[in-house]
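So the chains spell out like this:
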Amino acid sequence: MRIRATVAALTGALALSALVVPSAATAADAHHSVLADVLRAAHTTSGTKTGARSVAAAETAGTPLDLTFSKLTVNGGKPIVVGTTNTVTVPTTFTVTHAADVDIFADDFELGVDLYRGSFDAPTNDLFGDVAPTCKTVSSTVATCKGQIDVWPQDDFIGNADATTWKAVGWAFDFNGQDPSNPDLDPNYAVQDGLGTSKLQRYSKLTVNAAPEPVKKGKTITVTGKLTRANWDDFAYHGYTVQPVKLQFRKKTSTAYTTVKTIKSSSTGALKTTVTASVDGYWRYSFAGTSTTPAVTTTGDYVDVQ
């Protein structure tokens, strides 16, 4: 089970409850990034709703924490590509600037960066890291941190609609030695929305087969293949239909491919076209990708022309 500690602002105080999500990860593996839930709740109460900011909780929900996030990167600026089964882990880096009296290295201090989709106040989904970030002191008020985002395709309730742009939010939570189960808990915390964005994409696959092998010069070569991508609604791979795919060729004596023609995938994602055999070489298909699906190119299939 993937267990996340969730904090909710209730009746003017903070109450700790457990949100259990099916997963292979254990509670020991998952840090408390869903503490961001309470930050959203307090953020809504505070009435501040737009722009990049460090938001103090409402007076009834906690105490302001003098801390901000900056210079966030997620996966080095590249999209997060996810298939149907394997957990995908990507790195995050960010800088934290805080007051000199804020000890971000205290045992009861939590901070992190989450990705969410939808509105800030009521996100439709949330992605976080299973391991807490590690930070390095730059000065008495600045630290650089390295974290991660983990995506469990079948356990994070992602669907095809999640192949889009996600927003990043930073959060920090300081218990100050208080018991988290105390109904009168009054921690320090801050939240900062608008840190940046990251795209989530559906993993793509592409195959090629050029036949016959060998073939006589002047005869027809039939090049078949299939373009598929991850479907997060049923966790299987289905054909990516009516997509432009390039057929490319490289002579045996060359290192560069040239595009011979562009065809479109069928209603099942199938690819099929013919060319005339002329010289020995390698045939491949190449798909440029879309906003929801990454580019993919096959290895070359060698055909001996006699």
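Residues numbered from 1 in each chain as written. Predicted model: local features only at pLDDT ≥ 70, side-chain atom pairs only at ≥ 80, totals over all residues. Heavy atoms only, no water.

Enquirer: Lay out the environment of Tyr237 in plain terms, naming residues and giving numbers.
Expert: Mapped onto the elements of the fold, Tyr237 is located in strand S17 (residues 236-239). When its relative accessible area of 26% is taken as the criterion, Tyr237 is described as partly exposed. C-alpha of Tyr237 to C-alpha of Thr84: the two residues are 153 residues apart in sequence and 7.8 Å apart in space. Ignoring sequence-local partners within four residues, the contact set of Tyr237 consists of Gly83, Thr84, Tyr203, Lys205, Thr228, Arg229 and Ala230. (Helix = DSSP H or I, 4+ residues; strand = E, 2+ residues; numbered from the N terminus. Buried < 20%, exposed > 50% of the residue type's maximum accessible area, 1.4 Å probe, protein only. Contact = heavy atoms within 4.5 Å.)

Enquirer: Which residues make up the pairing of S17, and what values go with them?
Expert: Note on strand geometry: in a regular strand, side chains alternate between the two faces of the sheet. Taken together, the four bridges between strand S16 (residues 220-231) and S17 define a ladder with antiparallel strand orientation. Considered in S17, the bridge of Arg229 is made with His238. Between S16 and S17, which follow one another and run antiparallel, lie four residues, and Phe235 among them has a positive phi close to 55°. (Pairing = 2+ DSSP bridges.)

Enquirer: If you had to explain the pattern of salt bridges to someone new, which residues and values would you point to?
Expert: Following the criterion strictly, the structure yields one salt bridge and no others. With a shortest N-O distance of 2.4 Å, Arg117 and Asp162 are connected by a salt bridge. Highlighted residues: Arg117 in strand S8 (residues 109-118) and Asp162 in the loop between strand S11 (142-151) and strand S12 (165-174), separated in sequence by 45 residues. In this structure Arg117 comes out as partly exposed when scored by relative accessible area, which is 22%. (Salt bridge = Lys/Arg side-chain N within 4 Å of Asp/Glu carboxyl O.)

Enquirer: Give a description of unusual backbone geometry that names residues and reports values.
Expert: Across the junction of Ala211 and Pro212, the peptide omega takes the value 5°, indicating a cis bond. Looking at where Pro212 falls in the secondary structure, it is placed in the loop between strand S15 (204-211) and S16. The amide bond that connects Glu213 to the next residue, Pro214, takes the cis arrangement and shows omega of -5°. You can see Pro214 is positioned in the loop between S15 and S16.

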